[in-house]
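# A structural walkthrough
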Amino acid sequence: MTIPRPGDPQVLKSCCATAYQSDAVAAILGDSYHPGGLTLTRHLARTLGLRPGMRVLDVASGPGTTALALATEFGCEVVGVDLGEQNVARAGHAAEKAALADLVTFHTGDAEQLPFEDGSFDAVVCECAFCTFPDKPTAARELARVLRPGGRVGITDITVAPGGLPPELTDLAGWVACLADARPLEQYADLLAAAGLRTALTERHDDALRRMVEQIDARLRVHRMTPTSKTGSLLTGADIDRALALTGQAAQAVSAGTAGYALLIAEKPKEAPTS
Ligand SMILES: C[S@@+](CC[C@H](N)C(=O)[O-])C[C@H]1O[C@@H](n2cnc3c(N)ncnc32)[C@H](O)[C@@H]1O
């Protein structure tokens, strides 16, 4: 199969959203679609200072696991937004099943054009997704716009050293795997700064990415050896071979220190007092 080169932003967004709502991705990634899983999500929430009653937006909420955890474990009112309609529907059902529908809602929407009022959230989280937004300056401005003055954004994301990826990881598959347009941590901070958000803290979590790549690799091999009734119908041998080639290159990039994972907290300044 010839994989198209990244080009049209709408195609990139739609490919990413479609891939992340497929049953195959759910079978391989599990409940959380980012390195570090819920453990890193909880750390992000504590570092952000999330407290009961806060209104939180989860941008690119995927299967909704983070939003549900922020509601149950931190007592927040959470709104999730994602481009993938099926993911939004599934996440909504999960909220209903957990009797959390009054505290957690999910909406279809684009991070580059968030369907929310200015200043309507105390905090915004965005896990392993900012790297996939084709127009990052616009997405950063949207995160800043929906935050109230004094509110904070918490991002965890893939980082990549400039020019450090092999060409195989910069095509459409690399984009969907969150690598092709990932940036160095400093560039994320610069993008947020240009949108008026001041970075207060950064941390490296490169090991979380290494573990996730290893786990995906191991699960793919298990599925190839012993396809279950579920995964057997989802992944052909060719799909698994392609995915394993990608995880092999990703593992090399992580070992070489070219690709990693980082956490960043940034703050929207409080409005200047009027004199
Ligand atoms: C790697 S998954 C992360 C999902 C979730 N944050 C998590 O950690 O479990 C990336 C998600 O970004 C979503 N996405 C990609 N581009 C988007 C956009 N422009 N606006 C909203 N969501 C987007 C995809 O649909 C997918 O659910």
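Residues numbered from 1 in each chain as written. Predicted model: local features only at pLDDT ≥ 70, side-chain atom pairs only at ≥ 80, totals over all residues. Heavy atoms only, no water.

## What about the packing of helix α9 (residues 206–225) against helix α11 (residues 237–255)?
Contact pair α9 / α11: the axes reach a minimum separation of 10 Å and the direction vectors enclose 155°. Between α9 and α11, the crossing angle belongs to the class labelled roughly antiparallel. Helix-helix and strand crossings are classified by hand; for α9 and α11 the assignment is left-handed. Contacts between α9 and α11 pair D206, L209, R210, V213, I216, D217, L220, R221, H223 and R224 from the former with I240, D241, A243, L244, T247, A250, A251 and V254 from the latter. Its residues placed into classes, the contact of α9 with α11 shows ten nonpolar, two polar and six charged. (Axes fitted to C-alpha atoms, helices over the stretch in contact; angles between N-to-C directions. Helix = DSSP H or I, 4+ residues; strand = E, 2+ residues; numbered from the N terminus. Parallel < 35°, antiparallel > 145°, perpendicular 65-115°, else oblique. Left-handed = near helix turned anticlockwise from the far one by under 90°. Contact = heavy atoms within 4.5 Å. Nonpolar A, V, L, I, M, F, W, Y, C, P; charged D, E, K, R; others polar.)

## Side note on the site of the ligand
As a structural note, the neighbourhood of the ligand is formed by 23 residues, with Y33, H34, A60, D82 and A111 the closest of them. A60 places a polar main-chain atom, nitrogen or oxygen, 2.7 Å from a nitrogen atom of the ligand. The fraction of the free accessible surface of the ligand (590 Å²) that becomes covered by protein chains is 99%. In terms of residue count, helix α1 (residues 9–20) provides more of the shell around the ligand than any other element does, four residues in total. Residues belonging to the shell around the ligand are distributed by class as follows: twelve nonpolar, seven polar and four charged. (Near = heavy atom within 4 Å. Polar contact = N/O pair within 3.5 Å; in protein donor to acceptor, adjacent residues only side chain to side chain. Areas by Shrake-Rupley, 256 points an atom, 1.4 Å probe, with all protein chains shown as cover.)

## Here's the deal with the sheet that holds strand β7 (residues 259–267)
As summarised here, the arrangement of the seven strands in space is β3-β2-β1-β4-β5-β7-β6, forming an open sheet in which the pairing is mixed. Edge positions in the sheet fall to β3 (104–108) and β6 (198–204), since each of these pairs with one other strand and no more. Looking at each pair of strands side by side, their axes are set apart by 20° on average, direction ignored. Of the strand pairs in this sheet, strand β5 (residues 147–160) and β7 are connected by nine bridges, and their pairing is antiparallel. Looking across to β7, one finds that T156 is bridged to L263. Along the sheet, helix α3 (residues 37–48) makes contact with β4 (121–127), β5, β6 and β7, crossing β5 at roughly 145°. Contacting β2 (77–82) and β3, helix α5 (residues 85–97) runs over the sheet at an angle of about 165° to β3. (Pairing = 2+ DSSP bridges.)

## Side note on the packing of aromatic side chains
The geometry of two aromatic rings is summed up by the distance between their centres and the angle between their planes. Evaluated as defined, the whole model comprises four aromatic pairs. Between F116 and F121, the ring centres sit 5.4 Å apart and the planes meet at 90°, which makes this aromatic pair edge-to-face. When sorted by exposure, F116 lands in the same class as F121, which is buried. (Phe/Tyr/Trp six-rings, centres within 6.5 Å; stacked < 30°, edge-to-face > 60°. Buried < 20%, exposed > 50% of the residue type's maximum accessible area, 1.4 Å probe, protein only.)

## Here's the deal with the nonpolar core
L50, L57, V59, V104, F130, L143 and I158 are the most contacted members of the largest nonpolar core, which has 86 residues in total. With seven residues, β7 is the single largest residue contributor to this core. Residues in contact with L57, not counting those within four places in the same chain, are V79, V81, L114, F116, F121, A123, V124, V125 and V146. (Core = buried A, V, L, I, M, F, W, Y, C linked by side-chain atoms within 4.5 Å.)

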